[in-house]
Amino acid sequence: MHALQAASPFMSMESKQELAIMRAQMQGEIAGMRTGAMRDIAAQRSEDTRRGQDVGLQKTEKTVSASMERFRKAQEGIQGRFEQRFAQAERKIADAKTKSEKAAELSTIRQAELDRRAAAANAIKAAAAGMDMEELKKLEEEERATRDEADRKIDQLTMQSRESKPSSAPAPPAGKPLNDTVKQQMQEAVSKGKTREEVIAKAREMGYDVSGF
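Here's what I pulled together on the structure shown here. If you're wondering where the values come from, they're calculated on a predicted model, not measured in any experiment. (Residues numbered from 1 in each chain as written. Predicted model: local features only at pLDDT ≥ 70, side-chain atom pairs only at ≥ 80, totals over all residues. Heavy atoms only, no water.)

### Topic: helix α4 (residues 133-162)
Selection criterion: To qualify as a helix, a DSSP run of H or I must reach at least 4 residues; to qualify as a strand, a run of E must reach at least 2; elements of each kind are numbered from the N terminus. By this rule, a helix spans an expected 1.5 Å times one less than how many residues it contains. Here the term buried applies to any residue with accessible area under 20% of the maximum for its type, exposed to any over 50%, and partly exposed to those in between, with areas from a 1.4 Å probe on protein chains only.
For α4, with 30 residues, the first-to-last C-alpha span of 44 Å sits near the 44 Å given by 1.5 Å per residue. Buried within α4 are the following residues: Leu136, Leu139, Glu143, Ala150, Lys153, Ile154, Leu157, Thr158 and Ser161.

### Examining the side chain of Lys102
The cut-off we apply is this: We define a polar contact as two N or O atoms separated by no more than 3.5 Å, with the added condition that, inside protein, one atom must be a possible hydrogen donor and the other a possible acceptor, whereas residues neighbouring each other in sequence contribute only through side-chain atom pairs.
Locating Lys102 in the fold gives a position in helix α3 (residues 99-127). Looking at Lys102, its side chain comes within polar contact range of the main-chain oxygen of Ser161, at 3.2 Å.

### Quick look at the nonpolar core
Here is the rule: Only buried residues count toward a nonpolar core, which is a set of Ala, Val, Leu, Ile, Met, Phe, Trp, Tyr and Cys residues joined through side-chain atoms within 4.5 Å. Pairs of residues are marked as contacts when any of their non-hydrogen atoms sit within 4.5 Å.
Listed in full, the 10 residues of the largest apolar core are Phe82, Phe86, Ala89, Ile93, Leu106, Ile109, Ala112, Ala150, Ile154 and Leu157. Those elements that place two or more of their residues in this core are α2 (13-95), α3 and α4. Top element by residues in this core is α2. It accounts for four residues. With sequence-adjacent residues up to four places away left out, Phe86 is seen in contact with Ile109, Lys153, Ile154 and Leu157. If you look at the next biggest cluster of nonpolar residues, it comprises nine residues, including Val182, Val199, Ala203 and Val210.

### Concerning the side chain of Glu105
Relative to the helices and strands, Glu105 resides in helix α3. Of the polar contacts made by the side chain of Glu105, one reaches the side chain of Arg85; its length is 2.9 Å.

### Some details on the packing of aromatic side chains
The following threshold applies: What counts as a ring pair is set by centres within 6.5 Å for rings of Phe, Tyr and Trp (its six-membered ring), and what kind of pair is set by the plane angle: stacked under 30 degrees, edge-to-face over 60, tilted for all other angles. We call a charge positioned over a ring when the NZ of a Lys or the CZ of an Arg lies within 6 Å of the ring centre and within 35 degrees of the ring normal.
Taken as a whole and judged by the stated rule, the model has one aromatic pair. Measuring from centroid to centroid gives 6.2 Å for Phe82 and Phe86, while their planes differ by 40°, and the two rings are tilted. Here the residue Phe82 and the residue Phe86 both occupy positions in helix α2, the gap between them amounting to four residues, near one helical turn. Assigned by exposure class, Phe82 and Phe86 land together as buried. Over the aromatic face of Phe86 sits the side chain of Lys153, whose NZ or CZ is 4.6 Å from the ring centroid.

### Focus: the packing of helix α5 (residues 180-191) against helix α6 (residues 196-205)
Selection rule: Here the axes come from fitting lines to C-alpha atoms, over the contacting stretch only for helices, and the angles between their N-to-C directions go from 0 to 180 degrees. In a left-handed crossing the near helix is turned counterclockwise from the far helix by less than a right angle, and in a right-handed crossing that turn is clockwise.
Closest axis-to-axis distance for the α5/α6 pair is 9 Å, and the angle between their directions is 145°. Here the hand of the crossing between α5 and α6 comes out right-handed. Mapping the contact onto sequence places Met186, Ala189 and Val190 in α5 and Arg196, Val199, Ile200 and Ala203 in α6.

### Some remarks on the environment of Ser211
Note on placement: Ser211 falls in the segment after β2 (208-209). Sequence separation between Ser211 and Pro177 is 34 residues, and the spatial gap between their C-alpha atoms is 8.9 Å.

### As for the pattern of salt bridges
What counts is decided by this rule: Each reported salt bridge corresponds to a side-chain nitrogen of Lys or Arg within 4 Å of a carboxyl oxygen of Asp or Glu.
Counted by the stated rule, this structure contains eight salt bridges. In this structure, Glu105 and Arg85 form a salt bridge, with 2.9 Å as the shortest nitrogen-oxygen distance. Of this pair, Glu105 sits in helix α3 while Arg85 sits in helix α2, and the two are 20 residues apart along the sequence. Accessibility classification places Glu105 together with Arg85 in one group, the buried group. Of the charged contacts in the structure, one is a salt bridge between Arg116 and Glu143, with a shortest N-O distance of 3.0 Å. In this pair, Arg116 sits in helix α3 while Glu143 sits in helix α4, placing the two residues 27 residues apart along the sequence.

Encoded structure:
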């Protein structure tokens with residue numbers, strides 16, 4: 001095209017017109033090529049952006065999943081230690097002989113629950129990095145349910161500690177102890193024809209404890 005343009009002064013009018021038409025066509029083709037190239041570049045950039053967003057979303061999902069997993073493991077350890085401590089408190093309260101011993105153990109298990117709550121709060125705080133509000137809210141709801149269950153169990157244990165144990169001491173005598181003289185008289189009465197039941201009933205009327213007869 002540059003060579004033809006340079007030779008245009010020597011061309012006829014018809015050739016010059018053909019040259020102008022050819023140049024216009026070529027300019028149109030070049031503009032179309034540029035438009036297509038720009039369109040392709042824009043499409044490629046859009047695709048690159050979409051892929052970048054997908055990769056970013058995957059990374060975010062992996063971060064949230066890892067945070068949740070760390071919290072789950074930490075929470076399992078915290079809850080496991082509390083369950084062991086609670087079982088220990090149940091045994092100690094069941095074996096305690098005085099109210100003060102029971103009260104001391106109840107105070108200890110309540111403090112253990114406060115320690116568990118503090119540890120759980122720290123675990124949630126550590127897991128919250130990179131986590132969306134919905135997931136964080138879910139963790140907090142689970143912790144509230146765990147606290148409610150711990151409160152219920154401690155309240156139940158408190159009620160159990162207030163229940164009095166059945167006395168293991170022997171029952172007091174039902175009357176005066178039988179001495180040898182009274183026993184001999186009762187035996188003589190039986191030997192003379194009185195029934196055992198009649199003799200025992202008579203001794204009870206007189207205020208004696210006949211459990212040894």
